[in-house]
Amino acid sequence: MTPEGYHRVRGHIRRNPTRRSAKKMSPWLIGGIGAVVVLWAQFVGFEGAAPAQPATPGVTATPSAGR
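Presented here is an overview of the structure given in this document. Remember, predicted model here, so these are calculated numbers, not experimental data.

**Topic: the overall build of the protein**
No. 1: Summing up its helical and strand segments, the protein has one helix and two strands in all.
No. 2: Ordered by position from N to C terminus, the α and β elements of the protein give β-β-α.
No. 3: Each of the 67 residues in the protein was classed as buried or not, and the buried ones make up 1%.
No. 4: Working note: accessible area of the protein is about 7,200 Å², and carbon and sulfur atoms make up 61% of it.

**A short note on the pairing of strand S2 (residues 12–15)**
No. 1: For strand S1 (residues 6–9) and S2, the ladder comprises four bridges, and the chain directions are antiparallel. Bridging from a neighbouring strand, Val9 pairs with His12 of S2.
No. 2: Counting the residues between successive antiparallel strands, the hairpin from S1 to S2 contains two residues, one of them, Arg10, with a positive phi of roughly 45°.

**Remarks on a nonpolar patch on the surface**
No. 1: Together, Met25, Leu29, Ile30, Ile33 and Val37 make up a nonpolar patch on the protein surface, roughly 440 Å² of accessible area in all.
No. 2: Structurally, Met25 is set in the loop between S2 and helix H1 (27–43).

**Quick notes on the environment of Arg14**
No. 1: Mapped onto the elements of the fold, Arg14 is located in strand S2.
No. 2: Sequence-wise, Arg14 and Thr2 are twelve residues apart; in three dimensions their C-alpha atoms are separated by 9.2 Å.
No. 3: If we ignore the near neighbours within four places in the chain, the residues touching Arg14 are Tyr6, His7 and Val9.

**A word on H1**
No. 1: Here H1 is 17 residues long and its end C-alpha atoms lie 24 Å apart, about the 24 Å a rise of 1.5 Å per residue gives.
No. 2: Note on H1: the residue one or two positions beyond its end, Gly45, has a positive phi of about 90°.

**Brief notes about the environment of Pro3**
No. 1: Assignment of secondary structure puts Pro3 in the segment before S1.
No. 2: Using a relative accessible area of 43% as the deciding quantity, one classes Pro3 as partly exposed.
No. 3: A C-alpha to C-alpha distance of 9.9 Å links Pro3 and Arg14, two positions eleven residues apart in sequence.

What counts, and at which threshold
Residues numbered from 1 in each chain as written. Predicted model: local features only at pLDDT ≥ 70, side-chain atom pairs only at ≥ 80, totals over all residues. Heavy atoms only, no water. Helix = DSSP H or I, 4+ residues; strand = E, 2+ residues; numbered from the N terminus. Buried < 20%, exposed > 50% of the residue type's maximum accessible area, 1.4 Å probe, protein only. Areas by Shrake-Rupley, 256 points an atom, 1.4 Å probe, with all protein chains shown as cover. Pairing = 2+ DSSP bridges. Patch = residues over 30% accessible without salt bridge, like charges linked within 9 Å, V, L, I, M, F, W, Y side chains within 5 Å. Salt bridge = Lys/Arg side-chain N within 4 Å of Asp/Glu carboxyl O. Contact = heavy atoms within 4.5 Å. Expected span 1.5 Å × (residues − 1).

Here it is as structure tokens:
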């Protein structure tokens, strides 16, 4: 007698096939999403996502009058 949710195939007990839940994400899908984000950052960048930094004036060197 096989337990509920299982069936016998060629002398082995196997779990009944079920539909995959949308809640579960396979490791391959997670890795693919991560790769897409990395490639998008390489080609497009995150400039649009970050607020623009105000330009800070740099220190300028003036030549001395004696030389």
